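# Observations on the model geometry
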Amino acid sequence: MTDFQAVLNSIYQDAIHATDKGVVASYIPELAHVNKDNFAIQLRTATGKTFGVGDYNTPFSIQSISKVLALSKAMSLIGEDIWKRVDVEPSGHPFNQLALLEIENGIPRNPFINSGAIVIADILVSHLKNPKEDFLNYVRELAGDTNINYNIDVAKSEQSTGFKNFAAANLLKSFKNLNNPVHVVLDFYFYQCAIEMTCSQLSDTFYLFANNGKCLQNKLHITDRQVKRVNALMLTCGFYDEAGEFAFEVGLPGKSGVGGGIVALLPDHFVITTWSPGLNKKGNSKLGMQALEQFTTKTKQSIF
Ligand code: DON
C-alpha cells in the first residue's frame, strides 16, 4: 500500500528548496502581502484518512476555487437552465479575457472563466434570499466547519481595482445575460472569491465531488449526473489556457485560484489540496502544479 505521508514529505522537500517559486498575484493589492514561502499539501482519502505537510492549517484566499462551489450551488437551485446562459467549452484564453465574450454574443465559454462565474453569481443573487450569508453557510455546511469566513479586506481590495470584471459584467449586461445590477452581482462575486480556507477545509469542502454528490456529513447536495458535469468542467476548464497542461501533467479534475490554491480529486478515491502563493504565467500555482504532478506520478493515481 502507498505510504501517502512519505510521498507528501518528499514532494515537500522538493518544493521548499525550489529556486523559482513563481510570482504572487498583485493585481488584487491585498493578495500581494502573502509570503511565497508558504507551502502545503493536504490529502483526504475516500476511506476517511487524512495526510498533510507544511502550512495546511493556514487559511488563504481561495479566489477562483470558489467558482466550483458557486456552480454546484447554482446547479442545485436551477439545474439544466444554467446552460442556456453559459457554455461548457474550454476557452483557450486567460481567465479574464473578454474578446470571446464579445464575439460570442455574451455567452461565456464556461463557468470558470471570470465572465462565466459572474453569470453564475447573477443566478445565485437571483435565487438566494441573502446571497452572501446563504452562500457562506452552504460552504460551511459542505466543509462541516463553521470557522470559514470572507476576508472583507480582500473583497474590498478587488472591488476597488477589479476594472476588468466590471467590464465583463457590463458586457454581459449589454447582451442581456445579467439580470441583476452590475454592482450587486460583482459585490457578491468579490466576496465569493474572498472566502478564506485552509487546505484541510478545502479538501473537506470538495469531498462531495469525489463522493457522488454527498458531503462529508453524508448529505446529498447534487446528483451523480451533476457531479459528472462539475468534474468534467474542472478537467477541461479548471486551469483556463493551461487546462491541457494540467491534464497532461497531473491527470485529475481540479481548480486553481490566484491565491495559489489548487484542489484536485480522483472520484471515489481522494481529494488533494495544495497551496503555494507563487503563480506561473497562466495564473496557476507554480509549485502546486509541480507537487500534484509528482503526487499522481509517484502514487500512479490519476484518471488516466
Ligand atoms: O476575478 C478575479 O480576477 C479573481 N477574483 C479570481 C481570479 C482567479 O482566481 C483566477 N485563477 N487562477
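This report concerns the structure included in the present document. Keep in mind the model is a prediction, meaning the values are calculated, not measured.

The side chains of a regular strand alternate between the sheet's two faces. Most of strand S8 (residues 261–266) is tucked away, with six of its six residues classed as buried. As judged from the three bridges shared by strand S7 (residues 254–256) and S8, these two strands associate in the antiparallel manner. Within S8, the residue paired with Ser256 across the bridge is Ile262. Hairpin connection from S7 to S8: four residues lie between these consecutive antiparallel strands, with Gly260 at a positive phi of about 100°. Of the pairings in the sheet, the one linking S8 to strand S9 (residues 270–275) comprises six bridges and is antiparallel in character. Bridge pairing links Gly261 to Trp275 in S9. Hairpin connection, S8 to S9: the antiparallel pair is bridged by three residues, and Asp268 has positive phi, about 70°.

Turning to the site of the ligand, a few remarks are in order. Around the ligand, the surrounding shell holds 13 residues, and the nearest of these are Gln63, Ser64, Cys193, Gly257 and Val258. Here the residues of the shell around the ligand sort into three nonpolar, nine polar and one charged.

Moving on to the packing of helix H4 (residues 114–127) against helix H7 (residues 163–174). To characterise two packed helices, one gives the angle between the axes of the helices and the distance between these axes. For the pair H4 and H7, the least separation of the axes is 10 Å and the interaxial angle reads 65°. In the crossing of H4 with H7, the sense of the turn from one axis to the other is right-handed. Two secondary-structure elements touch here, H4 through Asn114, Ser115, Ile118 and Val119 and H7 through Asn165, Ala168, Ala169 and Leu172. For the contact of H4 with H7, the per-class residue count stands at five nonpolar, three polar and no charged.

With that settled, the discussion passes to the sheet that holds strand S5 (residues 149–150). The strand order across the open sheet formed by three strands is S4-S6-S5, and the pairing between neighbours is antiparallel. Here the strands that pair on one side only, and so sit at the sheet edges, are strand S4 (60–61) and S5.

Position of Asn165 relative to the elements: it lies in helix H7. As for Asn165 and Tyr189, which are separated by 24 residues in sequence, their C-alpha atoms are 9.5 Å apart. Discounting chain neighbours no more than four positions away, the residues touching Asn165 are Asn114, Ile118, Leu186 and Tyr189.

With that settled, the discussion passes to the sheet that holds strand S2 (residues 40–45). Each strand in a sheet pairs with another by means of backbone hydrogen bonds, the pair being arranged parallel or else antiparallel. Strand order in this open sheet of five strands is S3-S2-S9-S8-S7, and the pairing throughout is antiparallel. Across the chains shown, the open sheet's two edge strands, defined by having one partner strand only, are strand S3 (50–54) and S7. Neighbouring strand axes in the sheet, compared pairwise and without regard to direction, differ in orientation by 5° on average. The pairing of S2 with S9 spans six bridges and is classified as antiparallel. Note that in S9 the partner of Arg44 across the bridge is Val271.

This part is about the environment of Ala243. Along the chain, the position of Ala243 falls in helix H12 (residues 243–249). Separated by 96 residues in sequence, Ala243 and Asn147 have C-alpha atoms that sit 32 Å apart.

Procedures and definitions
- Residues numbered from 1 in each chain as written.
- Predicted model: local features only at pLDDT ≥ 70, side-chain atom pairs only at ≥ 80, totals over all residues.
- Buried ≥ 20, exposed ≤ 12 C-beta atoms within 10 Å, placed from the backbone.
- Helix = DSSP H or I, 4+ residues; strand = E, 2+ residues; numbered from the N terminus.
- Pairing = 2+ DSSP bridges.
- Near = placed C-beta within 6 Å.
- Nonpolar A, V, L, I, M, F, W, Y, C, P; charged D, E, K, R; others polar.
- Axes fitted to C-alpha atoms, helices over the stretch in contact; angles between N-to-C directions.
- Left-handed = near helix turned anticlockwise from the far one by under 90°.
- Contact = placed C-beta atoms within 7 Å.

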